[in-house]
Structure formats: C-alpha cells, structure tokens
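Read off the chains here:
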Amino acid sequence: MTRKSTQTVAKTTTPRFQAARQSITFELIVRLAPHQGLTDNLVRTFGLEPVHYDTIRDATAEHIGRAAQAFGTALNEKALQIHLQRITGAFVGSAFGAAQFYGTKKSAAMELTSKLLNDDRDEDREGPAGFESKAERARLFAAEMALQSFALMAAAEGAITAYADLTGDEWKPYEAPLAPAASVSRKSAATEMAAFEMAA
C-alpha cells in the first residue's frame, strides 16, 4: 500500500518539475538547417534544382503583407498582431521541423555510407539493373531534404520580415505564461481537505 501511495504522489508531482520546452527561434533553425554554400554544393554534386532563397523569402513576406492588408478594418491593431504572431510561428515551426528531419536523414546517410568501410557491404551492393543502392538512395534523399529545409528556412525568414514590417515589433516565439504558484494558505487548505478523504 505504501508503494502504491508513493507512485501516486510521484505521478501528481512530476509535471511541476518538468523542464520548460525550448523556444523555437529563427537562430535555432539557422544552426540546424544547411547554409547557402552547402546547398550550392549539393546541387552540383547530385544534379538537383537550386533553391532561390531570396525569391522564396521575398514572396512569402509579400504574400503575408497582402493578406494583412486584405483584412482592412476587420481586425484592429492588436488582433492583427496576434494573428501574425501565429502565422509567423507556423512558418518558423515548419522550418524547424524540416531542419530536424534533414539532420536525421543526413545522419542516416552518413551511417550507411560509413559501413562501406566494413567487410559487410550489404548496404551498398548494387540492386537490380538500373536501380541505386540503399546507401546511394539515402545520400540523395538527405540532399533533397537539405534543399527542402533551406527553402522552408527562407519562407520563415520572409514571415518574420513581414511581421516586423507590419507590426513594428521583432517577432518572438510565443511563450505561455507560467501558472501562478499556489499560496501557502491554499496549499494548507488543500492538505486539510484531503484529510477528510482518507479511506476507512
């Protein structure tokens, strides 16, 4: 019975001590996503279509700007800012997810390729005629995901630029306010009421 009570207490108190989630910022995306030089190199190496970063960034900013103007007087200044905060957050979240996905696929491709140094070469044995090996496919997919991540980073930057232009403020990730800590009197009252619920 003691063990069960201990487990119950642990379950109810654990959320209070959980670490706050890391805010997703554009700076974090930049650290995870590929840069211009790397994407240029991947385009040359794998024969892929280049990503026009500036075009995507500017088009996204223009699109959000036109959408904001379309509201007219339907949204007041505060409502528009809240809306743009959420829209920008969605772009940033999408870019962050793509950057993380690229990282996992890059690691997978590196792992498969590194196994070529071992005697067990199953990962790079040629498949049926006209088909690429598993390691080759992994490298190509990682390269494609790098360009995808780079493109979505451009869109996120465009959204952040539009937010600043339309609101006059720098975009920051939304952080939910912390729940106020229970006062000593409330804790005491809760403890006293719990005493009435003790089983016979």
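Everything below is about the structure printed above this text.
Residues numbered from 1 in each chain as written. Predicted model: local features only at pLDDT ≥ 70, side-chain atom pairs only at ≥ 80, totals over all residues. Heavy atoms only, no water.

(A) Just helix H3 (residues 36–46), in detail. When we look at burial in H3, the residues that qualify are Thr-39, Leu-42 and Val-43. Seen end-on, H3 carries its buried residues on one side only, within an arc spanning 100°. Structural note: H3 exposes Arg-44 and Thr-45 on the side pointing more than 90 degrees away from its buried face. If you follow the buried residues of H3, they end up packed against helix H6 (134–167). (Buried < 20%, exposed > 50% of the residue type's maximum accessible area, 1.4 Å probe, protein only. Helix = DSSP H or I, 4+ residues; strand = E, 2+ residues; numbered from the N terminus. Arc of directions from axis to C-beta. Contact = heavy atoms within 4.5 Å.)

(B) Just the side chain of Thr-88, in detail. Within the fold, Thr-88 resides in helix H5 (residues 77–114). When sequence neighbours within four positions are dropped, the list of residues in contact with Thr-88 reads Ala-159, Ile-160, Tyr-163 and Trp-171.

(C) Summary view of the nonpolar core. Judged by nonpolar contacts, the single largest core of 33 residues is most densely connected at Phe-26, Ile-29, Tyr-53, Val-92 and Met-153. Breaking this core down by element, the ones donating at least two residues are helix H2 (26–32), H3, helix H4 (53–70), H5 and H6. Residues within four places of Phe-26 in sequence aside, it is in contact with Tyr-53, Met-153, Ala-156, Glu-157 and Ile-160. By size, the runner-up hydrophobic cluster in this structure holds five residues, among which are Ala-109, Ala-135, Ala-138 and Ala-142. (Core = buried A, V, L, I, M, F, W, Y, C linked by side-chain atoms within 4.5 Å.)

(D) Just H5, in detail. Relative to the 56 Å expected for 38 residues at 1.5 Å per residue, H5 spans 55 Å between its end C-alpha atoms, a close match to the ideal helical length. The backbone nitrogen of Lys-78 has a side-chain oxygen 3.2 Å away, supplied by the residue at the start of H5, namely Asn-76. (Expected span 1.5 Å × (residues − 1). Polar contact = N/O pair within 3.5 Å; in protein donor to acceptor, adjacent residues only side chain to side chain.)

(E) Summary view of the pattern of salt bridges. This model, assessed by the stated rule, comprises three salt bridges. Between Arg-57 and Asp-54 there is a salt bridge; the shortest N-O distance is 3.3 Å. Here the residue Arg-57 and the residue Asp-54 both occupy positions in helix H4, the gap between them amounting to three residues, near one helical turn. The class of Arg-57 is partly exposed, set by a relative accessible area of 21%. Here Asp-54 falls in the partly exposed class, since its relative accessible area comes to 45%. When the shortest N-O distance is used, the salt bridge between Arg-57 and Asp-58 registers 3.1 Å. Within this structure, Asp-54, Arg-57 and Asp-58 form a network of salt bridges that share partners. (Salt bridge = Lys/Arg side-chain N within 4 Å of Asp/Glu carboxyl O.)

(F) Quick peek at the packing of H4 against H6. At a minimum axis separation of 7 Å, H4 and H6 run at an interaxial angle of 40°. Judged on the interaxial angle alone, H6 and H4 are oblique. For the element pair H4 and H6, the recorded crossing hand is right-handed. Where H4 abuts H6, its residues Tyr-53, Ile-56, Arg-57, Thr-60, Ala-61, Ile-64, Gly-65 and Ala-68 lie against Phe-150, Ala-151, Met-153, Ala-154, Ala-155, Glu-157, Gly-158, Ala-159, Ala-162 and Leu-166. (Axes fitted to C-alpha atoms, helices over the stretch in contact; angles between N-to-C directions. Parallel < 35°, antiparallel > 145°, perpendicular 65-115°, else oblique. Left-handed = near helix turned anticlockwise from the far one by under 90°.)

(G) Geometry of the packing of aromatic side chains. According to the stated counting rule, one finds two aromatic pairs in the structure shown. Measuring from centroid to centroid gives 4.8 Å for Tyr-53 and Phe-150, while their planes differ by 40°, and the two rings are tilted. Within this pair, whereas Tyr-53 is found in helix H4, its partner Phe-150 is found in helix H6, the two being separated by 97 residues in sequence. Both residues of the pair, Tyr-53 and Phe-150, count as buried. Both rings, one in Phe-101 and one in Phe-141, keep their centres 6.1 Å apart while their planes meet at 90°; by these two values the pair is edge-to-face. Of this pair, Phe-101 sits in helix H5 while Phe-141 sits in helix H6, and the two are 40 residues apart along the sequence. With a relative accessible area of 35%, Phe-101 lands in the partly exposed category. (Phe/Tyr/Trp six-rings, centres within 6.5 Å; stacked < 30°, edge-to-face > 60°.)

(H) Fine view of the side chain of Thr-60. Tracing the backbone through its elements, the reader meets Thr-60 in helix H4. When its relative accessible area of 10% is taken as the criterion, Thr-60 is described as buried. Residues contacting Thr-60, with those up to four places away along its chain left out, are Phe-91, Ala-155, Gly-158 and Ala-159.

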